[in-house]
Amino acid sequence: MKKIKDVAELEGLRQSLHAAHDPQQPVARVCLGPGCLALGAEKVSQAFKSALKKSKANFKVQPLIKTTGCQGLCSQGTLVNLSPADLLYVRVKPEDVPEIVETSLVKGQVLERLLYSENGTKYKSAAEIPFYRAQQKVILKNVGVIDPLDINDAIRCGAYQSLAKALMDLSPAEVIKTVELSGLRGRGGGGFPTAYKWRRAVENARQNPGPVYLIANGEEGDPGAFMDRAIMEGDPHAVIEGMLIGGYALGAHQGFLYVRHEYPIAIHHLSVAVQQARALGLLGKNILGSGFAFDLQLNRGAGAYVCGEETAIIASLEGRVGEPVMRPPYPVEQGLWGRPTVINNVETWANVPHIIRMGAEGYANLGVPPSTGTKIFSLVGKVKNSGLVEVPMGISLGTLVEEIGGGVPGQKGFKAVQTGGPSGGIVPYEFKDVTAEAAEKKTLSVDFDSMAKTGSTMGGGGMIVMDEHDCVVDLARYFLRFLEEESCGKCLPCRLGLKGMLEFLNQFAKGQGTPQDLDALESLGQAVADGSLCGLGKRAPNPVLTSIRYFRDEYLAHIVDHKCPAGVCKDLISFRIDPKICDGCGLCAKHCPEACISGKKKKLFTINEAACIRCGVCRDVCPLDAVRVV
Amino acid sequence: MDGKKISKADIDAIMERYPRHPQYLISLLQDVQAAFNYISPDNLNLVCDYVGVPVTQAWSIATFYKSFSLEPKGEHEIKVCLGTTCHLKGGENLVEACERHLQVERGQTTGDRRFTLETVKCVGACSEAPVIMIDKEYLGQATLLGVKQHLKKL
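Residues numbered from 1 in each chain as written. Chains lettered and ligands numbered in written order. Predicted model: local features only at pLDDT ≥ 70, side-chain atom pairs only at ≥ 80, totals over all residues. Heavy atoms only, no water.

- The name given to chain B in an unreviewed UniProt entry is NAD(P)H-dependent oxidoreductase subunit E, with Desulfobacca acetoxidans as the source organism.
- Word for word, the UniProt comment on chain B under Sequence similarities (unreviewed entry) is "Belongs to the complex I 24 kDa subunit family." (UniProt positions renumbered as here; feature names shortened; annotations may be inferred.)

1. Some points on the overall build of chain A
Next up, step 1: A tally of regular secondary structure across chain A gives 24 helices and 23 strands.
Next up, step 2: Taken against the 2.2 N^0.38 rule, which gives 25 Å for 630 residues, the C-alpha radius of gyration of chain A at 26 Å falls within 12% of a compact globule.
Next up, step 3: On the principal axes, the C-alpha backbone points of chain A span a range of 75 × 70 × 45 Å.
Next up, step 4: By residue count, 60% of the 630 residues in chain A fall in the buried class.
Next up, step 5: Looking at chain A alone, contacts between residues at least 24 apart form 71% of all its contacts between residues at least 6 apart.
Next up, step 6: Accessible surface, chain A: about 24300 Å² in total, of which carbon and sulfur atoms supply 51%.
Next up, step 7: For chain A, the separation between the mean place of its 70 positive charges and that of its 67 negative charges on side chains is 4 Å. (Helix = DSSP H or I, 4+ residues; strand = E, 2+ residues; numbered from the N terminus. Rg over C-alpha atoms; globule rule 2.2 N^0.38 Å. Buried < 20%, exposed > 50% of the residue type's maximum accessible area, 1.4 Å probe, protein only. Contact = heavy atoms within 4.5 Å. Areas by Shrake-Rupley, 256 points an atom, 1.4 Å probe, with all protein chains shown as cover. Lys, Arg positive; Asp, Glu negative; His and termini not counted. Charge placed at Lys NZ, Arg CZ, Asp CG, Glu CD.)

2. Quick look at the nonpolar core
Residue and element names in this part refer to chain A.
Next up, step 1: Tyr160, Trp198, Phe294 and Tyr555 are the most contacted members of the largest nonpolar core, which has 222 residues in total.
Next up, step 2: In this structure, Trp198 is in contact with Val175, Ile176, Val179, Gly246, Ala249, Leu250, Val342, Asn344, Trp349 and Val352, ignoring residues within four places of it in sequence.
Next up, step 3: Listed in part, the 21 residues of the second largest apolar core include Phe59, Leu82, Val92 and Leu105. (Core = buried A, V, L, I, M, F, W, Y, C linked by side-chain atoms within 4.5 Å.)

3. Overview of the UniProt feature "binding site: [2Fe-2S] cluster" (unreviewed entry) in chain B
Residue and element names in this part refer to chain B.
Next up, step 1: The residues that UniProt annotates with the feature "binding site: [2Fe-2S] cluster" (unreviewed entry) are Cys81, Cys86, Cys122 and Cys126. In terms of the greatest pairwise C-alpha distance, the residues named above, spread along 46 residues, form a tight cluster of at most 9.3 Å across.
Next up, step 2: Inspection of the secondary structure assignment puts Cys81 in strand β1 (residues 76–81).
Next up, step 3: The class for Cys81 is buried, based on a relative accessible area of 4%.
Next up, step 4: Setting aside anything within four residues of it in sequence, one finds Cys81 in contact with Cys86, Gly91, Val120, Cys122, Val123 and Val131.
Next up, step 5: Structurally, the position occupied by Cys126 is in the loop between β2 (115–120) and β3 (132–134).

4. A closer look at the sheet that holds strand β4 (residues 137–139) of chain B
All names here are of chain B.
Next up, step 1: What the four strands build is an open sheet, ordered β2-β1-β3-β4; its pairing is mixed. The open sheet has two edge strands with one neighbour each: β2 and β4. On average, each strand axis in the sheet is inclined to that of its neighbour by 20°, with strand direction left out of account.
Next up, step 2: Along the sheet, helix α7 (residues 144–153) makes contact with β1, β2, β3 and β4, crossing β3 at roughly 5°. (Pairing = 2+ DSSP bridges. Axes fitted to C-alpha atoms, helices over the stretch in contact; angles between N-to-C directions.)

5. Focus: the packing of aromatic side chains
All names here are of chain A.
Next up, step 1: Enumeration according to the criterion identifies 17 aromatic pairs over all chains in this entry.
Next up, step 2: Arranged with centres 5.8 Å apart and planes meeting at 75°, the rings of Tyr248 and Phe292 form a pair that is edge-to-face. Of this pair, Tyr248 sits in helix α11 (residues 236–250) while Phe292 sits in the loop between α12 (264–279) and β9 (295–300), and the two are 44 residues apart along the sequence.
Next up, step 3: Using a relative accessible area of 15% as the deciding quantity, one classes Tyr248 as buried.
Next up, step 4: With relative accessibility at 8%, the residue Phe292 sits in the buried group.
Next up, step 5: The ring of Phe551 carries Lys415 above its face, with NZ or CZ at 5.9 Å from the centroid. (Phe/Tyr/Trp six-rings, centres within 6.5 Å; stacked < 30°, edge-to-face > 60°. Lys NZ or Arg CZ within 6 Å of the ring centre and 35° of its normal.)

6. Quick look at helix α9 (residues 194–207) of chain A
Next up, step 1: The terminal C-alpha atoms of α9 of chain A, which comprises 14 residues, lie 21 Å apart, in line with the 20 Å expected from a rise of 1.5 Å per residue.
Next up, step 2: Within α9 of chain A, burial applies to Thr194, Ala195, Lys197, Trp198, Ala201, Val202, Asn204 and Ala205 of chain A. (Expected span 1.5 Å × (residues − 1).)

7. Looking at the side chain of His558 of chain A
Residue and element names in this part refer to chain A.
Next up, step 1: Within the secondary structure layout, His558 lies in helix α22 (residues 542–559).
Next up, step 2: On the basis of relative accessible area, His558 is assigned to the buried category, the value being 0%.
Next up, step 3: A polar side-chain atom of His558 sits 2.7 Å from the main-chain carbonyl oxygen of Glu554.
Next up, step 4: With near-sequence residues (within four places) excluded, His558 lies in contact with Cys471, Val473, Phe508, Ala509, Gly511, Lys563, Cys564, Pro565, Cys569 and Leu572. (Polar contact = N/O pair within 3.5 Å; in protein donor to acceptor, adjacent residues only side chain to side chain.)

Here it is in structure tokens:
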């Protein structure tokens, strides 16, 4: 690859790539996002390549098979999008591929059976599908569209244009001003104004001259969240470009990408993107002839949730154990090797090029001030269309879950959402405690401040939908167990407090304890929140405290009535097959891991309670809902 | 790794990827872990000498971060995801089923060193919950039956 010397050459490259691109060329984009990969998307993309080779058709323009990052609608994977028609085929299996090639790529016809359908409507255009229609893709614009391993594809779609604009038209101070006016707030969950951090780092570097460092926080440890993974895998150049612009604004010349080691594909895509950017001279010295120098180093996390905390990342980058330290001094004062350091979440960095492109005002028009812009959520759990969504801030919870998510599958009711991961909370759908206007509609506005009012946080963007078969006591216990394990053990309130809280919940899950214990748990939780050193401990009690606040009755059902209403806590339930409903299909017996369900086909099946381990598989597979929890 | 002799040259080649500076300690240990599937006491000492940190520091790192193992792992790694969604959709039951099937507890390796059973906190494939990773392959909407079939093929 030849180095790009200046902005004119970058524009020339973009235009020549654009000219070489035939908009009529048939392109099949195979989603290789996390969800589709788990469904075997790689086999689908290989099937495309071999089917195309075998095909005897005479193409006017040879079709292109592209593998992309996450296309969003994970629950319908493997997804294949065909342009120029914008056809979305869902649940594609390798054996469907030859037919897709012959029917759609060769003859240009639609293969009806693979279209997405909802309420009887078959959608011939991806953009019309309700899941996509209600979204607003800004940050994810190129995710699922470009080939993340090809920088030329990214440049053709506009990558590095904002960098060029910043370097040529704006001074570093103007870049910071633009970010400030855009109202950008940290997407990692804190919601802290990004420009404020940047400005502090610049001031500190002025008083104490020397290097400034940038870090992209890609230690996306919250379970149930994969927004950053999707960005890093699907559009790694957005992160690099954001950091380049940040580097220019802050006078920094070195940045670090700190990525969770459980994300090997993200690490691979980022390292390829960094190499390609370096080869084109977009990283290195004298970038685009501006004299500005910046380079990136990729660091893999080593498996510690606490390393999502900024002082712990710094410790880890310096080669130490990831234990947080007291702030202040904040990283913008004394960070990596004692120098001012700006740490932003991956999604925050990926917002920066769009702010420069759209201008502060254009960006601030999205969302509801002071929560501007869009936010990416991973909408998962008991929801029909689970996947990756991007919506403007301030969208209602109802729109997000029912319109985009398609509601809760089956007859079960929508009970609550869990947001913000282990440091977030569990908020009921029938929400009462927010603003009057929202309370009237019984729905919650999804933005930083409204979410915080509920006692939860918006967090990084994990949104887990719970239905009536999910127990809040069990979920609160799950998060506590998670955090108790992940606590670094440095400070006492977190190390011992979480253990103590967990003991209470273990008791409740067995139907033990007293209502007074519930109060004791609340006050212990408050003490842990007040006394812990870092964000992990400070927010660890959130899931417990919010769930007690909104679901006290469910706790009391465990403690007083020794019952788990959701039918989850194993010590409090037993399974029985309702003889009135069972039609003897035998699915339960087939799936029972203990082989303790017996019966004859078309006759009643029964569970041997003594051998039953209450794993709940029978209840999940029963098509008639005949398995009862008693 | 079983059946593969570890030579001094291999570890030297890994160390030469990085400058001699304490900041590369974690990256180096990660490469050693990736190459040998575990960090042997000898290799730990070599790495410490190379980057110039006391053994205690490397030891604390190798025991603090979860991606490091001080004992050899099995030929195949089975990682059952216990992220929130997987938890709600029965991930815990799946781990227990795997424990019964392989007759080991989570974190342990089977007697024949074929399989190591582990749990992982979210692999980010939540819409396919519950998810199991076997080596580098993802299995979505996993069931014990599916896992058994997959293990047979290995």
